[in-house]
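# Fold and contact review
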Amino acid sequence: MTAADFPRFRPVGDAALLVEFADRFEEAIHARILDFDAAFAAHPLAGVRECVPAYASVLLTYDPLVLSPQAVIAHARWLVAMPAVAARSPAAHRIRVCYEPAFAPDLPELAERLGLDPETIIDHHLAASYRVVAFGFAPGYAYLHGTPEALRLPRKPAARRNVPAGSVIIAGSQCLVTTLTMPTGWWVIGASPEALLPLDRDPPVLFGLGDSVRFARIDAAMLVAARAP
């Protein structure tokens, strides 16, 4: 598809509308999604329950007893056409990560598959700048785009069970710091002590859409100390 085919407005069931800006992720496309999200925050529509930005689309969920699909589409078209409104200023985050073997079980296999030594992988991961482009799958799961080309591999063929909260994982162009203990097919390359779901915040998430993230290396002793109550 070409740029002329977008945006597209596609009903999802009887209570949601998907506004598609492209069929792939691009920085310029995601900037338009941030503009749309900011425009919706400034000009909400009664009956729309949630605006959910993603890599190349936005999902609007609504109450079908209050709004018709046509009303939601009309509002979405209006938001797309309006000039950009001031969005929140993105924050810059520095996230500590420990890459020592006990916390990076997939680092040796990742190094073998990529033809790199583990320290080179760590150097690449630390040198990159990441951007929060979407939330999903689990509470506080912030998908970070920006994993260097040299480190990009698809997900593993089989998931690892009981991956601890705070694990730093990568797959393709994405990086993520887990917030729950659960299975994952991504490559586990480290662990972070940061609280990504601080209960004393409103909303209770550390990252915001569009924020930038860089990682800083710590050793195991620093990780354990930072995790201590």
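The paragraphs below set out a description of the structure included in this document. The shown structure was predicted, so the numbers you read here are calculated from the model rather than taken from an experiment.

### A word on the layout of surface pockets
In this model, the largest pocket occupies a volume close to 690 Å³. Along its surface, the largest pocket is lined by 26 residues, and Asp-37, Arg-88, Phe-135, Gly-208 and Leu-209 are the ones closest to its centre. Listed by contribution, the elements that provide at least two residues to the lining of the largest pocket are helix 1 (27-42), strand 3 (48-53) and strand 6 (130-135). For the lining of the largest pocket, the element with the most residues is helix 1, which contributes six residues. Partitioned by chemical class, the residues of the lining of the largest pocket number 16 nonpolar, three polar and seven charged.

### Observations concerning the nonpolar core
Of all hydrophobic cores here, the largest spans 27 residues; its most connected members are Leu-144, Ile-189, Phe-207, Val-213 and Phe-215. The contact partners of Val-213, leaving out residues within four places of it in the chain, are His-93, Ile-95, Ala-128, Ser-129, Tyr-130, Val-132, Leu-144 and Phe-207. Listed in part, the 22 residues of the second largest apolar core include Ile-29, Cys-51, Leu-67 and Ala-76.

### Looking at the sheet that holds strand 3
A sheet is described by the order of its strands in space; here four strands give the open sequence 1-2-4-3, paired in antiparallel fashion. Unpaired on one side and paired on the other, strand 1 (8-11) and strand 3 mark the two borders of the sheet. On average, each strand axis in the sheet is tilted by 20° relative to the strand beside it, whichever way the strands run. In this sheet, strand 4 (residues 57-62) lies alongside strand 3 in antiparallel orientation, the contact comprising five bridges. Residue Val-48 lies in a different strand from strand 4, and its bridge partner there is Tyr-62.

### Comments concerning the side chain of Asp-106
Relative to the elements of secondary structure, Asp-106 occurs in the loop between strand 5 (92-98) and helix 3 (107-114). The buried category is assigned to Asp-106, whose relative accessible area is 2%. Separated by 3.0 Å, the side chains of Asp-106 and Lys-156 make a polar contact. There is a polar contact of 2.6 Å between the side chain of Asp-106 and the side chain of Arg-160.

Cut-offs and rules
Residue numbers run consecutively from 1 along every chain, following the written order of its sequence. The predicted origin of the model limits local features to residues at a pLDDT of at least 70 and limits the giving and counting of side-chain atom pairs to 80 or more, whereas totals for whole chains, interfaces and linings rest on all residues. Side-chain descriptors were evaluated using all non-hydrogen atoms of the structure, hydrogens and water having been removed beforehand. A cavity, in this analysis, means grid points on a 1 Å lattice covering only the protein atoms where a 1.4 Å probe fits yet has no way out; a pocket is instead an open set bounded by protein on both sides within 12 Å along at least five of seven lines, and a residue lines either one if it has an atom within 4 Å of a point. Grid points are joined across faces, edges and corners, and a volume is the space filled by probe spheres set on the points. Helix and strand labels come from DSSP, where a helix needs a run of H or I of at least four residues and a strand needs a run of E of at least two; each type is numbered from the N terminus. Here the term charged refers only to Asp, Glu, Lys and Arg, the term nonpolar to Ala, Val, Leu, Ile, Met, Phe, Trp, Tyr, Cys and Pro, and the term polar to all other amino acids, Gly among them. Throughout, nonpolar core names a set of buried Ala, Val, Leu, Ile, Met, Phe, Trp, Tyr and Cys residues whose side chains join them through atoms within 4.5 Å. Relative accessibility thresholds used throughout: buried, under 20% of the residue-type maximum; exposed, over 50%; partly exposed, between the two (1.4 Å probe, protein chains only). Whether two residues touch is decided by their heavy atoms; if any such pair falls within 4.5 Å, the residues are in contact. The criterion for strand pairing is that DSSP finds at least two bridges linking the strands in question. Interaxial angle, 0 to 180 degrees, is taken between N-to-C directions of lines fitted to C-alpha atoms, where a helix line uses only the stretch in contact. In protein, a polar contact requires one atom able to donate a hydrogen and another able to accept it; more generally it is a pair of N or O atoms within 3.5 Å, and residues adjacent in sequence count only if both atoms are side-chain atoms.

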